[in-house]
Amino acid sequence: MPKFLIWIAALAALIALPHGLSFSQQEILVFLTINVLLVASYRLLTLTGEWSLGHVVIMGVGAYSSALLTKKLGVYVPVSMLLGGVIAALIAVLLSFPLFRMKGFYFLIGSFAAGEIIRLLWKRFRDPFGGAKGIKGIDPMPDFSVGFYQFDFFEPTSYYYFAGVVVAVCLWILWRIEKSPVGLTFHAVHWQDKLAQASGVNVRAYRTLAFAIASGFAGISGALLAHYVGTINPNAFDIDLMVFVLTWAIVGGTATFYGPILGCVVLTVINEVVLRELGLEQMRPLIYGAIMILSILFLPNGLESIVQKLTKRRAAGGAPERSPAE
Amino acid sequence: MLDLLAQTGLNAVYAASYISLVAVGLVLIFGVMGVINFAHGELFMAGAYAIVALYAGLNVPFFLAVAAGLLFVGCLGLLMEKALFRPLKDNPLGGLVASIGFLMILQALAVMGFGVRMVHIPPVTQEVIAFSEKVRLPVARLYVIIAAIVLLSALWYFLKRTKFGWALRASAQDPEAAALQGISITQTARIAMFIGAGLAGIAGALTAPLVSVNPHMGHSVIVTAFIVIIVGGVGSLEGAIVASVAYALVHTFVTTFWDGVLADIVGLSLMLLVLIVKPTGLFGSADRA
């Protein structure tokens, strides 16, 4: 099976990858791995047709929850990460009551407001959130050994492997959800909401479900981040990062599962590696902004449309595509 | 106590003035072009840097520098219209992403040209109007208030009483019908973009000597403008002005009597409340979006 071999080769490449990189590049790789989960979970939300500007704050909810659980209650770190995701999902369910009274542009702005309120609450209340300085000295992931490999979490490489496994499992679950009847219903809620409603689909419940699942995985990505960097503060989850997530999803394209991930990887590599190596430190935002504009002007269906063209030539036909964003 | 109330009221009037200039521009652009201009805060910032370059740098007289700032930022608006919003007319998310890209470029240019740190601008005038011992209004703030009243009245006259204004409002309500009547949609889009951007620019230019000018100053401005246009009703100019005054009052009073972060929370909560109860805003109709 050649497809099977491609997967094996990709896996080997991902395992070998950090060994060819400098320390700072290894750290970027860890952040990239975490961001892949963030942007993939964001896509699940966009499946139902809603674009949120609060997703990064929800990620922060996972980070704060996990950090506080370990710090105040002494919860074992991997358990707290999972709980961070659960709490993020619960907060999302709470937020869905006001937010899903809105649609489209109003949802976009409403989610931004809700997110900012949460973020400002972290800033305002020093107990327990630590105020503007945030939470410091978050417990790291405890070291452990799996026989042939000794995990030492002060090494970015070790954390990359750990986060990689967690993210891979999460991506697999997200993919299974999308391909399940529930995932198909999400599509229906987006493209045929009147028809779906008339067919007895509880549209509001499915939108809430997508929002909760997406938020849960965003929460896990936040917890992964918190226990790696060791300090979190409200500014780490501000609109700047949200704008990046939005850009990754749009530049990559949201018609396929891999589109947003592709956007995240390609833009991060360009931004962090290529421009940094070229010594264009100050010009990085300028070039990044130009890339955003050029890609939206000349590649409106995202990077994934290039991939689709290439693969279609090899295997004519294939799965029906979603039409590009409205 | 009465002094404090009066002083806080004066501060609120000043805040309402520059907020309404920014918000009205944002509403105008949204109404005519149907795009959310995320770079609007950076247009404000560009206006402030025009003052840094011309007034503080080259010693150009202040009001000449303000006029130049207005023209400069207005032209930036024309550039955005031509390069970004016109090609992306059928792609609402596209316009949003493109304006974010433009915002990053403007910020980077400001950093490269003037550095990250805040710039000191010599005060335009030290004069203060003293109503009493504790109630004072610096004349520099009075300029902002006067500018807001004059410019917004002029805009109102332009929109409601001139032929161009009629055309502009017509294409905001129904672009296709307006085009069938022989109105050039491109032309009205250009005018709206120039005015909208120019208003943000002049607000930035006039407030530059009063605030800390830095490349990231647009951030809080755009958040405030969003709150105001949502509360006032997207697409309603009157709503934007009324909401600016209301928001400035609430925000200034909460800041004075409690603290700034709490004031931000209150502002955002108000916006969320309006979105839940009446998403079209206090003055909005369900025209656009």
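Residues numbered from 1 in each chain as written. Chains lettered and ligands numbered in written order. Predicted model: local features only at pLDDT ≥ 70, side-chain atom pairs only at ≥ 80, totals over all residues. Heavy atoms only, no water.

Regarding the overall build of chain B
Then, number 1: The helix and strand tally for chain B stands at eleven helices and two strands.
Then, number 2: Starting at the N terminus and walking to the C terminus, you meet the elements of chain B as α-α-α-α-β-β-α-α-α-α-α-α-α.
Then, number 3: Relative to its length of 289 residues, chain B is compact, with a C-alpha radius of gyration of 19 Å against a globular reference of 19 Å.
Then, number 4: Projected onto its principal axes, the C-alpha coordinates of chain B cover approximately 60 × 45 × 35 Å.
Then, number 5: Per-residue burial over chain B gives 54% buried out of 289 residues. (Helix = DSSP H or I, 4+ residues; strand = E, 2+ residues; numbered from the N terminus. Rg over C-alpha atoms; globule rule 2.2 N^0.38 Å. Buried < 20%, exposed > 50% of the residue type's maximum accessible area, 1.4 Å probe, protein only.)

A word on the overall build of chain A
Then, number 1: The helix and strand tally for chain A stands at 14 helices and two strands.
Then, number 2: For a compact globule of 326 residues, the expected C-alpha radius of gyration is about 20 Å, and chain A comes in at 20 Å, within 12% of that figure.
Then, number 3: On the principal axes, the C-alpha backbone points of chain A span a range of 50 × 45 × 45 Å.
Then, number 4: The proportion of buried residues among the 326 residues of chain A is 52%.
Then, number 5: Across chain A, the fraction of contacts at a sequence separation of at least 24, relative to all contacts at a separation of at least 6, is 75%.
Then, number 6: In chain A, 24 side chains carry a positive charge and 18 a negative one; their mean positions are 8 Å apart. (Contact = heavy atoms within 4.5 Å. Lys, Arg positive; Asp, Glu negative; His and termini not counted. Charge placed at Lys NZ, Arg CZ, Asp CG, Glu CD.)

With respect to the domain arrangement of chain A
All names here are of chain A.
Then, number 1: Along its sequence, chain A is organised into domain 1 (23-237) and domain 2 (238-326).
Then, number 2: The distance between the C-alpha centroids of domain 1 and domain 2 comes to 21 Å.
Then, number 3: Listed per partner, the contact involves 32 residues of domain 1 and 25 residues of domain 2.
Then, number 4: Where domain 1 abuts domain 2, roughly 2400 Å² becomes buried across the two surfaces, and 76% of that area is made up of carbon and sulfur atoms.
Then, number 5: The largest per-residue losses of area from domain 1 upon contact with domain 2 belong to Val 39, Arg 43 and Trp 191, which jointly make up 24% of the total buried on that side.
Then, number 6: For the interface between domain 1 and domain 2, the tally reads zero salt bridges.
Then, number 7: Joining domain 1 to domain 2, the criterion identifies three residue pairs in polar contact (both at pLDDT 80 or more). (Domains from an automatic or database assignment. Buried area = accessible area lost by both parts, 1.4 Å probe. Salt bridge = Lys/Arg side-chain N within 4 Å of Asp/Glu carboxyl O. Polar contact = N/O pair within 3.5 Å; in protein donor to acceptor, adjacent residues only side chain to side chain.)

Focus: unusual backbone geometry
Then, number 1: A cis geometry characterises the amide bond from Asp127(A) onward to Pro128(A), with omega recorded as 5 degrees.
Then, number 2: For Pro128(A), the location among the structural elements is in helix α6 (residues 126-129).
Then, number 3: Even without being a glycine, Asn59(B) presents a positive backbone phi close to 60 degrees.
Then, number 4: One can find Asn59(B) in the loop between α2 (40-57) and α3 (62-85).

Some details on the nonpolar core
Then, number 1: Core analysis: the biggest nonpolar cluster contains 195 residues, and Tyr159(A), Ile232(A), Phe237(A) and Ile51(B) have the highest contact counts within it.
Then, number 2: In terms of residue count, the dominant contributor to this core is helix α1 (residues 2-33) of chain B (16 residues).
Then, number 3: When we break this core down by domain, the ones giving at least three residues each are domain 1 (23-237) and domain 2 (238-326) of chain A. (Core = buried A, V, L, I, M, F, W, Y, C linked by side-chain atoms within 4.5 Å.)

Some thoughts on the interface of chain A and chain B
Then, number 1: Facing 39 residues of chain A, the contacting portion of chain B comprises 42 residues.
Then, number 2: Note on chain A versus chain B: buried area summed over both sides is about 3500 Å², and carbon and sulfur give 85% of it.
Then, number 3: If you sort the residues of chain A by the area they bury against chain B, Phe105(A), Tyr106(A) and Arg124(A) come out on top, with a joint share of 18%.
Then, number 4: In this assembly, chain A and chain B are joined by one salt bridge.
Then, number 5: Arg124(A) serves as the salt-bridge partner of Asp259(B), at 2.7 Å between the closest nitrogen and oxygen.
Then, number 6: Counting the contacts that link chain A with chain B gives two residue pairs in polar contact (both at pLDDT 80 or more).
Then, number 7: Every element with two or more residues in the side of chain A that touches chain B is listed here: α4 (77-99), α5 (104-124), α11 (239-252) and α13 (284-298) of chain A.
Then, number 8: Per-element tally for the side of chain A that touches chain B: the top contributor is α5(A), with 14 residues.
Then, number 9: Here the residues of the side of chain A that touches chain B sort into 30 nonpolar, three polar and six charged. (Nonpolar A, V, L, I, M, F, W, Y, C, P; charged D, E, K, R; others polar.)

Here we look at the environment of Leu76(B)
Residue and element names in this part refer to chain B.
Then, number 1: Along the polypeptide, Leu 76 turns up in helix α3.
Then, number 2: The class for Leu 76 is buried, based on a relative accessible area of 11%.
Then, number 3: Along the primary structure Leu 76 and Ser 184 are separated by 108 residues, whereas in three dimensions their C-alpha atoms are 21 Å apart.
Then, number 4: If we ignore the near neighbours within four places in the chain, the residues touching Leu 76 are Leu 43, Ala 46, Phe 102 and Leu 106.

Section: the pattern of salt bridges
Residue and element names in this part refer to chain A.
Then, number 1: Applying the stated criterion across every chain yields a total of six salt bridges over all chains.
Then, number 2: Across the salt bridge formed by Arg 43 and Glu 178, the nearest N and O atoms sit 2.4 Å from each other. Placement of Arg 43 in helix α2 (residues 23-47) and of Glu 178 in helix α7 (residues 156-179) is noted, with a sequence separation of 135 residues between them. Glu 178 matches Arg 43 in its accessibility class, with the two residues each being buried.

Section: the state of the cysteines
Then, number 1: Inspection of every chain in the model, using the stated rule, returns zero disulfides over all chains.
Then, number 2: Residue Cys170(A) stays outside any disulfide, its sulfur separated by 15 Å from that of Cys264(A), the closest cysteine. (Disulfide = S-S within 2.5 Å.)

Quick look at the packing of helix α8 (residues 181-191) of chain A against helix α10 (residues 203-229) of chain A
Residues and elements named next belong to chain A.
Then, number 1: Two numbers describe how α8 lies on α10: the axes approach to 10 Å, and their chain directions differ by 115 degrees. Once α8 is placed against α10, the crossing between them reads as left-handed. Only Val 203, Tyr 206, Arg 207, Leu 209 and Ala 210 of α10 make contact with α8, whose side of the interface consists of Val 182, Thr 185, Phe 186 and Val 189.
Then, number 2: Its residues assigned to classes, the contact of α8 with α10 shows seven nonpolar, one polar and one charged. (Axes fitted to C-alpha atoms, helices over the stretch in contact; angles between N-to-C directions. Left-handed = near helix turned anticlockwise from the far one by under 90°.)

Quick word on α13(A)
Then, number 1: The end-to-end C-alpha separation of α13(A) is 21 Å, in line with the 21 Å expected for 15 residues at 1.5 Å each.
Then, number 2: Among the residues of α13(A), Arg284(A), Leu286(A), Tyr288(A), Gly289(A), Met292(A), Ile293(A), Ser295(A) and Ile296(A) are the ones counted as buried. (Expected span 1.5 Å × (residues − 1).)

Quick look at the environment of Phe144(A)
Residue and element names in this part refer to chain A.
Then, number 1: Relative to the helices and strands, Phe 144 resides in strand β1 (residues 144-145).
Then, number 2: In the structure, Phe 144 is positioned 128 residues away from Ala 16 in sequence and 21 Å away in space, judged by C-alpha atoms.
Then, number 3: The contacts of Phe 144, once residues within four sequence positions are left out, are Tyr 149, Gln 150, Phe 151 and Phe 153.

Observations regarding the packing of aromatic side chains
Then, number 1: Scanning the entire structure with this criterion turns up 23 aromatic pairs over all chains.
Then, number 2: Between Tyr14(B) and Tyr18(B), the ring centres sit 5.6 Å apart and the planes meet at 55 degrees, which makes this aromatic pair tilted. Of this pair, Tyr14(B) and Tyr18(B) both sit in helix α1, separated by four residues, roughly a single helical turn.
Then, number 3: Between Phe253(B) and Phe257(B) the ring centres are 6.0 Å apart and the planes differ by 10 degrees, which places this aromatic pair in the stacked class. Placement of both Phe253(B) and Phe257(B) in helix α10 (residues 237-257) is noted, with a separation of four residues, approximately one turn of the helix.
Then, number 4: Assessed through its relative accessible area of 23%, Phe253(B) is described here as partly exposed.
Then, number 5: For Phe257(B), a relative accessible area of 34% gives the class partly exposed.
Then, number 6: An aromatic cluster is defined as three or more aromatic residues linked by ring pairs; in this entry it consists of Phe31(A), Tyr159(A), Phe162(A) and Tyr228(A).
Then, number 7: When the ring centre of Phe125(A) is taken as origin, the NZ or CZ atom of Arg124(A), which lies over that ring, is 5.6 Å away. (Phe/Tyr/Trp six-rings, centres within 6.5 Å; stacked < 30°, edge-to-face > 60°. Lys NZ or Arg CZ within 6 Å of the ring centre and 35° of its normal.)

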